[in-house]
Amino acid sequence: MSTDHEVIIIGAGVSGIYQLYRLLEMGIDVTVLEGGDAPGGTWYWNRYPGCRFDSESYTYGYSFSKELLEEWNWSEHFSGQPETLRYLNHVVDKFDLSKHMQFGCKVKSAAFDDEASTWTLTLEDGRTISTRFLLTAIGMLSAPTMPTIEGVEDFKGEAFHTYFWPQEHVDLKGKKVGVIGTGATAVQLIAEIADKVDELTIFQRRPNWCAPLNNSKIDEKEMAEIKSNYDEIFQKCHDTPGGFIHGPDRRKFNEVEESERLAFWEELYDSPGFGVWLGNFRDVLVEEGANAAFTDFIADKIRLRVDDPATAEKLIPKDHGFGTRRVPMETKYYEAYNRDNVHLIDINDTPIERITPKGIKTTEKEYDFDVIVYATGFDAITGAFDRIEFTGVGGRKLSDKWIDGPITYLGLQTAGFPNLITIAGPQGGSVATNFPRGIEEAVDWATELLKYLREHDYNRVEPKQDAEDEWTEHVKHTYTYSLLGNSKSWFTGYNSNVEGHNKIRYMIYNGGAPRYRQRLTEVAANGYSGFDVR
Ligand code: NAP
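Residues numbered from 1 in each chain as written. Predicted model: local features only at pLDDT ≥ 70, side-chain atom pairs only at ≥ 80, totals over all residues. Heavy atoms only, no water.

1. Points about the overall build of the protein
- A count of helices and strands for the protein gives 18 helices and 20 strands.
- A globule of 534 residues ought to have a C-alpha radius of gyration of about 24 Å, and the protein, at 23 Å, matches this closely.
- Across its three principal axes, the protein shows a C-alpha extent of roughly 70 × 55 × 45 Å.
- Within the protein, the proportion of its 534 residues that are buried is 58%.
- Taking the intrachain contacts of the protein between residues at least 6 apart in sequence as the baseline, contacts between residues at least 24 apart amount to 71%.
- About 21900 Å² of surface is accessible on the protein, with carbon and sulfur atoms providing 47% of the total. (Helix = DSSP H or I, 4+ residues; strand = E, 2+ residues; numbered from the N terminus. Rg over C-alpha atoms; globule rule 2.2 N^0.38 Å. Buried < 20%, exposed > 50% of the residue type's maximum accessible area, 1.4 Å probe, protein only. Contact = heavy atoms within 4.5 Å. Areas by Shrake-Rupley, 256 points an atom, 1.4 Å probe, with all protein chains shown as cover.)

Next up, the structure:
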């Protein structure tokens, strides 16, 4: 049966852009359906003040084109959102990709026709469009969640989730602003706006262990050096578990004498980026004792930086050790709490009762605000899938199959949903890495799979049940590899605002990028073992 396209990609973010490039290179008939009005995905939507990379800029750009690497100059070690969005638009323009993208196209549902082995998508505007292969590049943090607090609709001032920060300038000067949440997003936002607003009140449920980003500008000379070192930089990312330039120090914490250990920790604390988290002694994220020692070190840093001891104690997490949830990187976040106009409300002491027309009411008092910001995070990874109704073989819904957590083979396909390839899907390795590094590998792999199918005149691919069962068990097992496996955070699919997600779900392959890559390579080399191709 003929279809409108051979391939449809949903999403024009970091993965969708690269996937489109690779398929066009192969001469495949492909279109991208994007819900936003322009490309960029996460960097198109997240426009809140302070939004920036926590990855080194030059490790976040695509590596596939030497010319692109050569011509693009990053202005900061950790660039801000406007620059990243400019970069992605530059890539789209350079490779003339936008003519293959359809914007403002929200996919409502996708149904598989078992006889024809094709997918038919229905868009929110009622149109339908068919394809042989459907590739999802829908992001892992693209389904923002609001808190389930009564009265959210009642507030008369301005209110937004950080993901939906308005495109036009929001003037916060002289305003009373309330922020709910203290994750990586809130930490960037709070530090950025503390000295720009009249009053800033933060409603914190659980504090996070944050560490300094230590960002700085990149001048022309340094950018030239970076360009001449790109091969080395990408090789380093390639070799580390997280796809960053930071990999674990091979020493164990107690193999190192105390003075040397402390000097190393001071150096990490003062160095740029995730080194403090991912470049630490190799047992710090694995063994309770080593973790507790580093946790104490960081707690003391917070006590040193926050003037009021009671506020400092509120900002120090007591329910989890350093790095067992995603570490928010900050620039003068803790110092914001030394300002007279910044107030920290621990909602464990005084819970929020409701949002009112004028502001937020806790059990203690009502706070009046001009603006309320919901920095309350995302229904991670599977959330974006749940917003599209995928119907597979025999009318089975993907949301039903994944109701207790995702079930996949390699994080790239799920049985009963042939020809659906989930780039950056749950249980994949790329979602646990410096995103573009992992994503380039997933996209390259999916592209080779499509090439293989084409060369062999196959029109259908789906995982075998036993392969899927084995992978899903294996992914669960990878949660025992480090202390992150027990944390209540989006890494484990935990979200208190989504029914059924108030528990640990196995969302991510935690075995590290090199092992994931090796597995993908073996599967392909063995004629796509574990897949049923016809
Ligand atoms: P998040 O880490 O999930 O944080 C959400 C915050 O909202 C938490 O503090 C959470 O408290 C709080 N919250 C949620 N529901 C609440 C409720 N009903 N009442 C009170 N508080 C509530 O989300 P995020 O900060 O948006 O970050 C998500 C991820 O995005 C990050 O981990 C990171 O991977 C990515 N990100 C990346 C960058 C970057 O690269 N530069 C920047 C920002 C974000 P609990 O902790 O108690 O649940």
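2. Quick word on the side chain of N291
- As for its placement among the helices and strands, N291 is situated in helix α11 (residues 288-305).
- When sequence neighbours within four positions are dropped, the list of residues in contact with N291 reads V284, L285, G321, F322, T324 and L483.

3. Considerations on the site of the ligand
- Lining the immediate surroundings of the ligand are 24 residues, of which R52, T182, T185, R205 and W490 lie closest.
- T182 is positioned such that a nitrogen or oxygen atom in its backbone is 2.9 Å from an oxygen atom of the ligand.
- R206 is positioned with one of its side-chain polar atoms (N or O) 3.0 Å from an oxygen atom of the ligand.
- The fraction of the free accessible surface of the ligand (910 Å²) that becomes covered by protein chains is 86%.
- It is helix α6 (residues 184-193) that provides the largest number of residues to the shell around the ligand, a total of three residues. (Near = heavy atom within 4 Å. Polar contact = N/O pair within 3.5 Å; in protein donor to acceptor, adjacent residues only side chain to side chain.)

4. What to know about the sheet that holds strand β15 (residues 366-368)
- Strand order in the open sheet made by the three strands is β13-β14-β15, with antiparallel pairing throughout. Of all the strands in the sheet, the pair left with one neighbour each is β13 (352-355) and β15. Here the strands of the sheet are splayed against their neighbours by 20 degrees on average, with no regard to which way each runs.
- Bridge count between strand β14 (residues 359-362) and β15: three bridges; the pairing is antiparallel. (Pairing = 2+ DSSP bridges. Axes fitted to C-alpha atoms, helices over the stretch in contact; angles between N-to-C directions.)

5. Focus on helix α9 (residues 258-270)
- Over its 13 residues, α9 extends 18 Å from the first C-alpha to the last, a length consistent with the 18 Å expected when each residue adds 1.5 Å.
- By the burial criterion, the buried members of α9 are R261, F264, W265, L268 and Y269. All buried residues of α9 lie within an arc of 135 degrees about the axis, which places them on one face of the element. Those residues of α9 that are exposed and aimed more than 90 degrees away from the buried face are S259, E267 and D270.
- Looking at the buried residues of α9, the elements they touch are β10 (211-212), α10 (275-278) and α11. (Expected span 1.5 Å × (residues − 1). Arc of directions from axis to C-beta.)

6. With respect to a negative patch on the surface
- Negative charge collects at one region of the surface, where E158, E168, E366, D368 and D370 lie side by side.
- Structurally, the position occupied by E366 is in strand β15.
- For E366, a relative accessible area of 35% puts it in the partly exposed group. (Patch = residues over 30% accessible without salt bridge, like charges linked within 9 Å, V, L, I, M, F, W, Y side chains within 5 Å. Salt bridge = Lys/Arg side-chain N within 4 Å of Asp/Glu carboxyl O. Lys, Arg positive; Asp, Glu negative; His and termini not counted. Charge placed at Lys NZ, Arg CZ, Asp CG, Glu CD.)

7. Thoughts on the packing of helix α1 (residues 14-25) against helix α16 (residues 435-455)
- At a minimum axis separation of 9 Å, α1 and α16 run at an interaxial angle of 35 degrees. Pair α1 / α16 crosses with right-handed handedness. Across from V14, S15, Y18, Q19, R22 and L23 in α1, the residues of α16 making contact are F435, P436, I439, E440, V443, D444, A446, T447, E448 and L450.
- Among the residues forming the contact of α1 with α16, the class breakdown is nine nonpolar, three polar and four charged. (Left-handed = near helix turned anticlockwise from the far one by under 90°. Nonpolar A, V, L, I, M, F, W, Y, C, P; charged D, E, K, R; others polar.)

8. Brief notes about the pattern of salt bridges
- Enumeration according to the criterion identifies 38 salt bridges in this entry.
- Salt-bridge contacts for R127 lead to D125; the nearest nitrogen and oxygen are separated by 3.0 Å.
- Here the salt bridges share partners, and the residues they tie into one network are R22, E25, D444, E448 and K451.

9. Describing the pairing of strand β1 (residues 5-10)
- Of all six residues in β1, five are buried; the element is thus mostly enclosed.
- Pairing of β1 with strand β2 (residues 30-33), which is carried by four bridges, proceeds in the parallel orientation. Its bridge partner lying in β2, I9 is registered against V32.
- This β-α-β element, β1 to α1 to β2, shows right-handed connectivity. (Right-handed = clockwise from strand over helix to strand, strands pointing away.)

10. A few points about the environment of G50
- Relative to the helices and strands, G50 is located in the loop between α2 (42-45) and α3 (57-60).
- With 30 residues separating them along the chain, G50 and L20 place their C-alpha atoms 30 Å apart.

11. A word on the nonpolar core
- With 129 residues, the main nonpolar core has V179 and L200 as its most contacted residues.
- Sort the elements by how many residues they give to this core and α16 lands first, with nine residues.
- Look past the residues within four positions of V179 in its chain and what remains in contact with it is A186, L189, I190, L200, T201, I202, F203, V373 and A375.
- Formed by 21 residues, the second largest nonpolar core is a distinct cluster that contains L33, F112, F385 and L420. (Core = buried A, V, L, I, M, F, W, Y, C linked by side-chain atoms within 4.5 Å.)

12. Regarding the domain arrangement of the protein
- Partitioning the protein into domains gives domain 1 (5-39 + 97-143 + 379-529), domain 2 (146-208 + 328-377) and domain 3 (240-306).
- A straight line from the C-alpha centre of domain 1 to that of domain 2 covers 34 Å.
- In this complex, domain 1 contributes six residues to the contact, which on the side of domain 2 involves seven residues.
- Across the domain 1 to domain 2 interface the summed buried area is about 560 Å²; carbon plus sulfur atoms make up 32%.
- In this assembly, domain 1 and domain 2 are joined by zero salt bridges. (Domains from an automatic or database assignment. Buried area = accessible area lost by both parts, 1.4 Å probe.)

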